[in-house]
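# Fold and geometry: a report
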Amino acid sequence: MRVIKNFIYNTGYQLLTIILPIITIPYVSRKLGANGLGIYSFTNAIVQNFALFGTLGITNYAIRQVAYFRDDPKKLNYTFNIVFFFQLLLASCSLLIYFIFVLTKGRQYLYIYLIQALMIVSAGIDVSWLFIGLEDFKKNVVRNTVVKIVGLILILLFVKGKKDVFLYAMILSITQFTGQLLMFPYVYNLVDVKIPHLKEMVKIFLPVFLMFIPQIGIQVYTVMNKIFLGILDTKVQTGYFDVSDKISRIAVTIPLSVISVMYPRISNLYSKNDEIFAKEEIVKTIQIVHLVSFPLCMGIVGCSKWMIPWFFGKGYLPVIKIVSIMASIVIIMSFSTAIGDLYLLAKNHMKAYIRAIFAGSCISVIGNFLLIPILHAIGAAYSVVLAELIVLIVMLYEVKNELPIIKFFNNIYIYFLNSFMMFIVVYTVGLVFNTSSILTTFAQILIGIIIYVFLTIIDVTWARDYAIRFFIKIKSRI
């Protein structure tokens, strides 16, 4: 029951993260313009790298450790204090180096860089991992929802033109920082907060650092693409890529929400040496991920031609092709994240995880240097897709003797065919309306959902059985 509740909370929040950008992205893209949005994307990408270095690989490590020891209050207290104060120490060091960078290399966008220092501070005091490890998603979801809505209101009130890049950065930075502070009253009710000895904190450096190595690689083929574009190309191309990247990553949050709910549960199963049940849960989760990710990918491709012009403005027409290329990462990234998080990380198979991420990072760097000068933002998009695909292939190879890989591909042809039929219908709806408007996009999404759900209930046995049990349970409560 807890899994279902957490999934509902998490999915509800992910839907909010999809709905809110429908307002913010077209508004901000018009007000700031491609160049202004590109400046923010470029500077924020650099800030995110410092935030990453300021927390190393603590989040995934902390979630796993909290999940391991959540039934032992003494070990839970110890784990929280060691992790939190080590995280705070690292973030402080990163913040100091960041200020040196800003004062020496970042003077062109000095004030934008300075206000975003709050994001590094926010990373240093982030305690969301405690609640995720305890499988208490409600508090995180409520906090994030409040922060998102307040941020939206402030953006609509104060961001009015191309010169408001600083205001935009300030709003996002302050709301994120405030959101972290809101969690601490709950923390004091769960654990006894005490500053540990430095020697105790140092003990977790190696396992945390091992978690950090793949995070560097992930940054290379997610955030670093924007930095490469900013250096090798124009800020306008960076803006095009950024909005395309946002659409794909907003869509992928839905299947990833399933994985994030299952990660602490499966980690807890492995801590109890319940390998058989853990592997069964992984197979079920991957089936759900496929069921959701295929229609999301096809839906983006089917809607983009009519959605982009009204959503971002006519100045963003090149985004149509870029986002159609990047839509495939919804499928690829969801699949690889499920394997990586639910098995390799949960089982602490860090070497295999690092090899996969390192392979993708190398492909990304090579692809960026070769393709961006020729294809611009489209080159960066191809680079991301290829990097994500390499990560998936390597992960499948790493677990081929440990997990029932064949079962991962059960029904995958059905998900593809049903999604493709949905795509044909969605694209036809666009042709019939023959205009770029919110009405066209709404009709495409609504009809697409109906078609896909109908086909899934007919063709996918486990989904049909689950739907029947769900409705029987609902009926029994009425």
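Above this text is the structure in question.
Attention here is on the structure that accompanies the text. (Residues numbered from 1 in each chain as written. Predicted model: local features only at pLDDT ≥ 70, side-chain atom pairs only at ≥ 80, totals over all residues. Heavy atoms only, no water.)

With that settled, the discussion passes to unusual backbone geometry. Phi is positive for Asn-411, close to 70°, though the residue is something other than glycine. Considering the arrangement of structural elements, one finds Asn-411 in the loop between helix H19 (405–408) and helix H20 (412–433). Despite not being glycine, Asn-434 has its phi angle at roughly 55°, a positive value. The residue Asn-434 is located in the loop between H20 and helix H21 (438–459) in this model. Exposure remark for Asn-434: the relative accessible area of 62% places this residue in the exposed category. (Helix = DSSP H or I, 4+ residues; strand = E, 2+ residues; numbered from the N terminus. Buried < 20%, exposed > 50% of the residue type's maximum accessible area, 1.4 Å probe, protein only.)

The next thing to look at is the packing of aromatic side chains. Inspection of the entire model under this criterion finds 21 aromatic pairs. Relative to Phe-101, the ring of Phe-50 has its centre 5.7 Å away and its plane inclined at 40°; by these criteria the two rings are tilted. Placement of Phe-50 in helix H1 (residues 2–55) and of Phe-101 in helix H3 (residues 73–105) is noted, with a sequence separation of 51 residues between them. Taking relative accessible area as the criterion, Phe-50 reaches 16% and is therefore assigned buried. These aromatic residues form a ring-pair network of at least three members: Phe-50, Tyr-98, Phe-99, Phe-101 and Tyr-113. The lysine or arginine in question, Lys-400, covers the ring of Tyr-397, its NZ or CZ lying 3.8 Å from the ring centre. (Phe/Tyr/Trp six-rings, centres within 6.5 Å; stacked < 30°, edge-to-face > 60°. Lys NZ or Arg CZ within 6 Å of the ring centre and 35° of its normal.)

Compared with an ideal rise of 1.5 Å per residue, which puts 22 residues at 32 Å, helix H7 (residues 137–158) spans 32 Å between its outermost C-alpha atoms and is within 8% of the ideal. Burial in H7 covers these residues: Phe-137, Asn-140, Val-141, Arg-143, Val-147, Gly-151, Leu-152 and Ile-155. The arc enclosing the buried residues of H7, seen along the axis, measures out at 165°, which places them on a common side. (Expected span 1.5 Å × (residues − 1). Arc of directions from axis to C-beta.)

As a further point, take the packing of helix H16 (residues 329–345) against helix H18 (residues 377–398). One can describe the packing of H16 onto H18 by two numbers: an axis separation of 9 Å at closest approach and a directional angle of 35°. Relative to H18, the crossing made by H16 is left-handed. Seen from H16, the contacting residues are Ile-329, Ile-332, Met-333, Phe-335, Ser-336, Ile-339, Gly-340 and Leu-344; seen from H18, they are Val-384, Val-385, Glu-388, Leu-389, Val-391, Leu-392, Met-395 and Leu-396. Here the contact of H16 with H18 is composed, by residue class, of 13 nonpolar, two polar and one charged. (Axes fitted to C-alpha atoms, helices over the stretch in contact; angles between N-to-C directions. Left-handed = near helix turned anticlockwise from the far one by under 90°. Contact = heavy atoms within 4.5 Å. Nonpolar A, V, L, I, M, F, W, Y, C, P; charged D, E, K, R; others polar.)

This part covers the packing of helix H15 (residues 319–326) against H18. Running from amino to carboxyl end, H15 crosses H18 at an angle of 10°, the nearest separation of the two axes being 9 Å. The pairing of H15 with H18 is recorded here as roughly parallel in orientation. Of H18, the residues touching H15 (which contributes Lys-321, Ile-322, Ile-325 and Met-326) are Ala-377, Ile-378, Ala-381, Tyr-382, Val-384 and Val-385. Its residues placed into classes, the contact of H15 with H18 shows nine nonpolar, no polar and one charged. (Parallel < 35°, antiparallel > 145°, perpendicular 65-115°, else oblique.)

Trp-129, Leu-130, Ile-282, Ile-308, Tyr-316, Ile-339 and Phe-408 are the most contacted members of the largest nonpolar core, which totals 146 residues. Counting residues per element, this core draws most heavily on helix H14 (residues 275–312), at 16 residues. Each residue touching Ile-282, except ones within four places of it in the same chain, is listed here: Ile-266, Tyr-270, Leu-342, Tyr-343, Leu-403 and Phe-408. Grouped together as the second largest cluster of nonpolar side chains are five residues, Tyr-13, Leu-16, Leu-20 and Leu-152 included. (Core = buried A, V, L, I, M, F, W, Y, C linked by side-chain atoms within 4.5 Å.)

Moving on, we come to the pattern of salt bridges. One pass over the structure, following the stated rule, counts ten salt bridges. A salt bridge links Lys-203 to Glu-200; the shortest N-O distance between them is 3.2 Å. Judged by relative accessible area, Lys-203 falls into the exposed class, the value being 57%. A residue is classified by how much of its surface remains accessible, and Glu-200, at 24% relative accessible area, is partly exposed. For Glu-398, the salt bridge goes to Arg-355, with nearest N and O atoms at 2.8 Å. Placement of Glu-398 in helix H18 and of Arg-355 in helix H17 (residues 350–375) is noted, with a sequence separation of 43 residues between them. Taking relative accessible area as the criterion, Arg-355 reaches 44% and is therefore assigned partly exposed. A network of salt bridges, in which partner residues are shared, links Arg-70, Glu-135 and Arg-265. (Salt bridge = Lys/Arg side-chain N within 4 Å of Asp/Glu carboxyl O.)

What follows concerns H16. Between its first and last C-alpha, H16 extends only 21 Å over 17 residues, short of the 24 Å set by a 1.5 Å rise per residue. Buried residues dominate H16, accounting for 17 of its 17 residues.

One can find Val-283 in helix H14. Val-283 gets classed as buried once you look at its relative accessible area, which sits at 14%. For the pair Val-283 and Ile-339, spaced 56 residues apart in the sequence, the C-alpha separation amounts to 9.6 Å. The residues contacting Val-283, other than those within four sequence positions of it, are Pro-404, Lys-407 and Phe-408.

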